[in-house]
Amino acid sequence: MSPIIQVSDLSFRYPGAGADTLRNVNLTIERGDFVAVVGGNGSGKTTLCKTFNGLVPHYWAGDFAGEVIVDGVDTFESGVAELSAKVGYVYQDFMNQLVRPTVRDEVAFGPINFGHPDHAERVAEVMEQLDLEPLAGRFTWALSGGQAHTTALAAVLALRPEIVVVDEPVAELDPARAHEIYRSLQWLNEELGLTIITIEHHAEFIAQYTKSVVLMADGAPVWHLDIDEAVNRTGELAEHGIPAPQVVQVCSALGVERSPRDVDTAASLLTSRGLTAAPVEFAARPREARCVVAQTVDVHHGYKTVAGDVLPVLRGLNLELYAGDRIALVGGNGSGKTTLLKQFAGLSVPRSGEVVIDGVNTRSRPPGKLSEIAAYLYQHPQQMFLKDSIRNDVALFPSGRKFEGWEAIVDEVLRRVKLAEFADRDGRGLSGGQQRRATLAIGLAMRPKLLLLDEPTSSLDVSSRDDVTSTLADLAQVIECTVVATHDMHLVAEWANRVIVLEGGEVAADVDPRTLFTRPDLLTRARLVPPQVVMLGARLGMDPLPLSVDELVASLHAGANV
Amino acid sequence: MARKQRDILSVEWIKLELIRTAYATRGGLFTIMDPRAVIIWYAILAFVPWFTHNVTVLAGLFVLGAISVVIARVGPLVLGLFIIGLGFEIIYLVIASLMFGGNWETLIALGVLNLKLGAVSMASMAAFVSLDPEKLSDALLSFRAPHLLSFGVSYGYRMLPIMVEEFNTVFDGYRLRMMAPDKPGFLAWRTIVHWGKMAVLSFYPIFLNTAKNVRTTVEALETRGFTYAQSDPRGRKLRLAYLRITPLDVAVLATTIILVVGCFWLGAAFPVYR
C-alpha cells in the first residue's frame, strides 16, 4: 500500500486562539484504509480532518506550520477547489450542507460548478450506487435524516474523490440507519477502493467497520493502530471518553484476553471457552399501574400535505399511562411518536377522539395551561433556549406563573442536573450532554405530572448519554410518569419499565423491555437495533435475556459454577 | 370554547400555503413555460401600465392581470392578502382624502393609481407563483444577473420552509412556557399584545441558531466549487444547457402582446381620462 495522506510536523492555531489546536502532528494514512479518528471533545479531530481538504489553512487562515501531502499534492500550495476533487467532506450537521432545493440538483451542484462536461453521467452513477434515484425530485428540506445524509454523501461522491471524510455519522441518525450508512461506506471502501475517514465516538461501530484507529489527544495523535490491536486498548480508549463496546466489556469481565470486534466473534469466543449461561433471577422492573395519569380515547390525527390531502399519522389510539410508568415510545420514522407526544402536551388536539390528562380534556384548555400538567421537551435543545442564560430559561415558566418560591425551585433544579456553575451561560455554548441536561431542567422546573421527551439521548457520545439516562432515573421521585420517544435501545434496556411500539400510527405492542427484545419481528419492523449485550445473550441461548453487561456476566458466572 | 383541529387559517395552513406558493406546486400554464419567457412576459405586464393614464387601457390591463392570476392558479393566502391589501388601501384613501379636505375627485385620481398597482401586482403574483426556485435562479443567471443573486434566490427558497418550521417550533415553545394573560381584555387586546410579543421574541433564538448553522453551509459551498464557478464560465453554460424556448412560449408571449396592443386600441377608441 502507498500512503495517500502524509502529515508531517503539522501545527495549527486558529486566528485569535490562545493555544494551538493541532500540535506537531505526524500521521500517515494508507490508500484504501478505513480509518476511525477518535478522541475527546477539543482533541482536534475535526480540525485535523479539515487540513486534508484545505479548509485549513485556506478557508480558516491561522498559524499553519508543517506539511500536509494529499495524493501527492501539498495542501498549502493548493486550494480548497482543487483539493475538493480529491477529498470529500460530509459534516456532522449534514442538513446544513444541502444547499439546493431538490436532491438531483444537490448532487449535480459540485460537478456543474467545476464545469465537468460529464456531470450528467457522474450524477446518474452515484444516484444509482446509493439508491437515490427514487428520491431524485424530492425537496431537500423534506428528507428524513438518513435520506439527507445519503444525499450529502452522494453530492460529495459526484466529484469522484479518492478520500471521503465523514464527521460523526451516527450522531443524528437512528441506529438502524447508522448501520446502513456504515455499510455503504464499507462498500465504497472495499469495492471502489476509496479511502474512508470517519470521526466517531461509538466503539461498536469502530470495531465492526473500520480497519484502523487514530486516537487524538491534545491536538496530536497518541497512536495510529490496526483495528485488531486498537480494540484491545480498552483502558486507553475509555480514558479518552470512548468506553469499550459491551461485548468487549463482557469478555474482559470474564477474563478472556482477546477482544471481540462484534457479537458473532464474542459468541464463538465464549462458547469455545466452554462458558455457558445458567438461568439467573434478573431483577424485575415493577410497575404500579394503579392510578391513571393520562389517557387517549380512540385518537385519530393527521396532517395536511402540500398536495392538499390529509396524511393520517395516528389511527385510533387507546392508551392509559399510569403513575410510576417509565415509558419508552419506540417505532420507525413516521410511526407517530412525536405527534403522540404533541397530543399529550396539548400542542394540538386530535381530529377525532379525546386526550385526557390528569382528568382534564385537552380540548378544554389552551396549551399554555396544559403545560402546567404535561411538559414537552423538544428533540433539539437549541430550540428550547429562548433566553440568554440557562437560569432565565429554567425560570421562564415558574416565574411567569409566580410559583411560590420559584427562585429556590430554579436553584434546586439546576443543582439536580449538575448545571449550577453554568447557570449564567447561554445554552447554545454548552456541550451536547450539558444542553440535554439543561432542557431536562427546563422541564423539571415546570413541575409537571407527565414529562414528555423527544429523543433525549440522540447525538450524544456514550458518556453524556449515560449521564442523561441516570438523570432520567433520578426523576422518578418528582415526576409521576415519564414518556420518552427514542431509538436508543440502551436507554430502553437500562431505564424503561414499559415499552410502547408504534407502527403506522397504531400500537403494535405494549410490553416490558425484556419481552420486546425476544420479538425479532417487532424489532425489525420498528427499525430497532438491540444493545450488543442483548444480542449476545440471545446468541448464547439465554432465556430470559440479559439487559445489561452485569446481568450477562452474572449469568455466565453462574453457568461456570454449575 | 372547545379546541378543534383547524385546516384553514391556522399556522399549519400558512406554512403549507407558503410552500405551495414558493415551489409552484399547483401547476398552471406558466409552470410549463421556459422561465426566461415567463420573466419577459412579466416584464411586459409590469412595465406597460406605467406609460398611460388612460383609464380604459388600465382597466383592460387589470382584467388581463386578473385572467393571468386565474391561469396561474394563485393560492388563497397570497390572493387573500392582495385583496385585503387593496381593500384597506381604498378605505384608507377615502378617509384620508375626506379628512384633509379633498373630495371625490382626488379619490378617483388616487383610484387610478390603485388600478395601475393592482394590474402590476397581479402580474407579479402570476409570474412568481409559477416559478420554482430552480427555474427562477436559472433564468436570472441566464440574464447575466450576478452569480450571488441567482444563488441567493434559490438558497433563500430552500431555507424558507426550514425557517418557517423553526419559527413555528420556537413560537410553540413560548406558548407552552410563557404565561398568557389571565383575562383577554377589551377586544382581546391583552391576548393580541401577548401574541405579538411572543412573535417578536421568537426571532432571538432563531437568529442565534441560524447563525450557528450557516457556518457549515458556507464551508460546504466552498468545497463544492461555489466560489470556483464565479470565475469559470463552464459551470454556467452546463447549468443553463437545459433551457429551451418552445412554440408554447412564443405563442403565450405573442398572445400577450396582441392583448396589450388590443387594450391600447380600445383605450384610443373609448378614452377615459381623469
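The following paragraphs examine the structure supplied in this document. (Residues numbered from 1 in each chain as written. Chains lettered and ligands numbered in written order. Predicted model: local features only at pLDDT ≥ 70, side-chain atom pairs only at ≥ 80, totals over all residues. Heavy atoms only, no water.)

## Looking at helix 12 (residues 247–269) of chain B
Residue and element names in this part refer to chain B.
Thinking step 1. Taking 1.5 Å per residue, 23 residues should reach 33 Å; helix 12 reaches 32 Å between its end C-alpha atoms and fits that length.
Thinking step 2. Listed as buried for helix 12 are Asp249, Val252, Leu253, Thr256, Val260, Cys263 and Gly267.
Thinking step 3. Along its buried surface, helix 12 packs onto helix 2 (35–47) and helix 3 (55–71). (Helix = DSSP H or I, 4+ residues; strand = E, 2+ residues; numbered from the N terminus. Expected span 1.5 Å × (residues − 1). Buried < 20%, exposed > 50% of the residue type's maximum accessible area, 1.4 Å probe, protein only. Contact = heavy atoms within 4.5 Å.)

## Some thoughts on the sheet that holds strand 7 (residues 163–167) of chain A
Residues and elements named next belong to chain A.
Thinking step 1. Judged by pairing direction, the sheet is mixed, and its six strands sit side by side in the order 6-7-8-3-9-10 without closing on themselves. Sheet topology places strand 6 (87–90) and strand 10 (220–226) at the edges, where each strand pairs with a single neighbour. On average, each strand axis in the sheet is tilted by 20° relative to the strand beside it, whichever way the strands run.
Thinking step 2. Where strand 7 meets strand 8 (residues 195–199), five bridges bridge the pair, whose relative direction is parallel. Within the sheet, the bridge partner assigned to Val164 lies in strand 8 and is Ile196.
Thinking step 3. Sheet strands touched by helix 1 (residues 45–52): strand 3 (34–38), strand 6, strand 7, strand 8 and strand 9 (212–217). Its angle to strand 8, the strand with the most contacts, is close to 155°.
Thinking step 4. Sheet strands in contact with helix 7 (residues 175–191) are strand 3, strand 7 and strand 8, and its direction is about 150° off that of strand 8. (Pairing = 2+ DSSP bridges. Axes fitted to C-alpha atoms, helices over the stretch in contact; angles between N-to-C directions.)

## Details of the pattern of salt bridges
Residue and element names in this part refer to chain A.
Thinking step 1. One pass over the full model with this rule turns up 45 salt bridges over all chains.
Thinking step 2. With its nearest N and O atoms 2.5 Å apart, the salt bridge here joins Asp105 to Arg100.
Thinking step 3. According to the relative accessible area criterion, Arg100 is buried, its value standing at 2%. (Salt bridge = Lys/Arg side-chain N within 4 Å of Asp/Glu carboxyl O.)

## Let's talk about the environment of A:Gly368
All names here are of chain A.
Thinking step 1. Within the element layout of this structure, Gly368 appears in helix 14 (residues 367–370).
Thinking step 2. Gly368 gets classed as buried once you look at its relative accessible area, which sits at 14%.
Thinking step 3. Distance from Gly368 to Ala345, taken between C-alpha atoms, is 9.6 Å for residues 23 residues apart in sequence.

## Some words on a nonpolar patch on the surface
Residues and elements named next belong to chain B.
Thinking step 1. Together, Ile84, Phe88, Ile91, Ile95, Met99 and Phe100 make up a nonpolar patch on the protein surface, roughly 720 Å² of accessible area in all.
Thinking step 2. Among the structural elements, Ile95 can be located in helix 4 (residues 76–99).
Thinking step 3. Overall, Ile95 belongs to the partly exposed group, its relative accessible area being 46%. (Patch = residues over 30% accessible without salt bridge, like charges linked within 9 Å, V, L, I, M, F, W, Y side chains within 5 Å. Areas by Shrake-Rupley, 256 points an atom, 1.4 Å probe, with all protein chains shown as cover.)

## Structural notes on the pairing of strand 18 (residues 481–485) of chain A
Residue and element names in this part refer to chain A.
Thinking step 1. In terms of residue burial, strand 18 counts as a mostly covered element, since five of its five residues are buried.
Thinking step 2. By the alternation rule, side chains of strand 18 split into Cys481, Val483 and Ala485 and Thr482 and Val484, which are all buried.
Thinking step 3. The pairing of strand 13 (residues 326–330) with strand 18 spans four bridges and is parallel. Looking across to strand 18, one finds that Ile327 is bridged to Val483.

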